[in-house]
Amino acid sequence: MVRRIISRTPLSLPEVERILSSSGVELTTLQQRVLNYVSKYSKLSADRAEKLINELIEKFELTREEAVQIVDICPTHVEELRAILSGYKRLAPILLFSEEKLQAIVELVKRYLQEEGEAE
């Protein structure tokens, strides 16, 4: 059977964890390793991650790919955020982000991390 890629959507680590842990089938060795990795490094629940991704896209006009990368790393300093965003094709616009806008993104991430810690 030939497999075709129908669409591509960037997924955050928490979303991958949710998909793999609820698959209902026995995972391959590679899938199990991926599940172990995402379980270890996910900082938010899948629902909170998706909510943060949507908020980043709406409020800050980021692409989904950029928002997912931010959610995966959860930067708590502007310098970390700048390093994350500097690897994308929109380098010039990212460099033109105001310091206030970058700080607002970091504060939003911190708020989600704090709320996640309170929920546990």
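Everything below is about the structure printed above this text.
This report concerns the structure included in the present document. Worth saying up front: this structure is predicted, and the values here are computed from it rather than measured.

How each quantity is defined
- Residues numbered from 1 in each chain as written.
- Predicted model: local features only at pLDDT ≥ 70, side-chain atom pairs only at ≥ 80, totals over all residues.
- Heavy atoms only, no water.
- Helix = DSSP H or I, 4+ residues; strand = E, 2+ residues; numbered from the N terminus.
- Buried < 20%, exposed > 50% of the residue type's maximum accessible area, 1.4 Å probe, protein only.
- Areas by Shrake-Rupley, 256 points an atom, 1.4 Å probe, with all protein chains shown as cover.
- Arc of directions from axis to C-beta.
- Axes fitted to C-alpha atoms, helices over the stretch in contact; angles between N-to-C directions.
- Parallel < 35°, antiparallel > 145°, perpendicular 65-115°, else oblique.
- Left-handed = near helix turned anticlockwise from the far one by under 90°.
- Contact = heavy atoms within 4.5 Å.
- Nonpolar A, V, L, I, M, F, W, Y, C, P; charged D, E, K, R; others polar.
- Salt bridge = Lys/Arg side-chain N within 4 Å of Asp/Glu carboxyl O.

Regarding its fold elements, the chain presents seven helices and zero strands. Along the chain, helices (α) and strands (β) appear in the sequence α-α-α-α-α-α-α when read from the amino end. By principal-axis analysis of the C-alpha atoms, the chain measures approximately 50 × 40 × 20 Å. Burial status across the chain gives 35% buried among its 120 residues. When the accessible area of the chain is evaluated, it comes to approximately 8100 Å², of which 53% is carbon and sulfur surface.

Because an α-helix packs 3.6 residues into every turn, residues spaced three or four apart end up facing the same way. Listed in full, the buried residues belonging to helix H5 (residues 78–85) are Val78, Leu81, Ile84 and Leu85. Mapping the buried residues of H5 onto a view down its axis gives an arc of 120 degrees, with all of them on the same face. With respect to the buried face of H5, the exposed residues turned more than 90 degrees away are Glu79 and Ala83.

Packing of helix H4 (residues 64–73) against H5 leaves a shortest axis separation of 10 Å and a crossing angle of 135 degrees. Between H4 and H5, the crossing angle belongs to the class labelled oblique. Seen along the crossing, H4 lies across H5 with a hand that is right-handed. Judged by residue contacts, Glu66, Gln69, Ile70 and Ile73 of H4 engage Leu81, Ile84 and Leu85 from H5. For the contact of H4 with H5, a count of residues per class yields five nonpolar, one polar and one charged.

Turning our eyes to something else, we now look at the pattern of salt bridges. Summed over the entire model, instances satisfying the criterion amount to nine salt bridges. Glu15 is the salt-bridge partner of Arg64, the closest N and O atoms lying 3.4 Å from each other. Of this pair, Arg64 sits in helix H4 while Glu15 sits in helix H1 (residues 13–21), and the two are 49 residues apart along the sequence. Using a relative accessible area of 22% as the deciding quantity, one classes Arg64 as partly exposed. Exposure remark for Glu15: the relative accessible area of 5% places this residue in the buried category. For Glu50, the salt bridge goes to Arg64, with nearest N and O atoms at 3.3 Å. Linking Glu50 in helix H3 (residues 46–60) with Arg64 in helix H4, this pair joins segments that are 14 residues apart in sequence.

Scope: geometric values only; no functional claims are made or implied.
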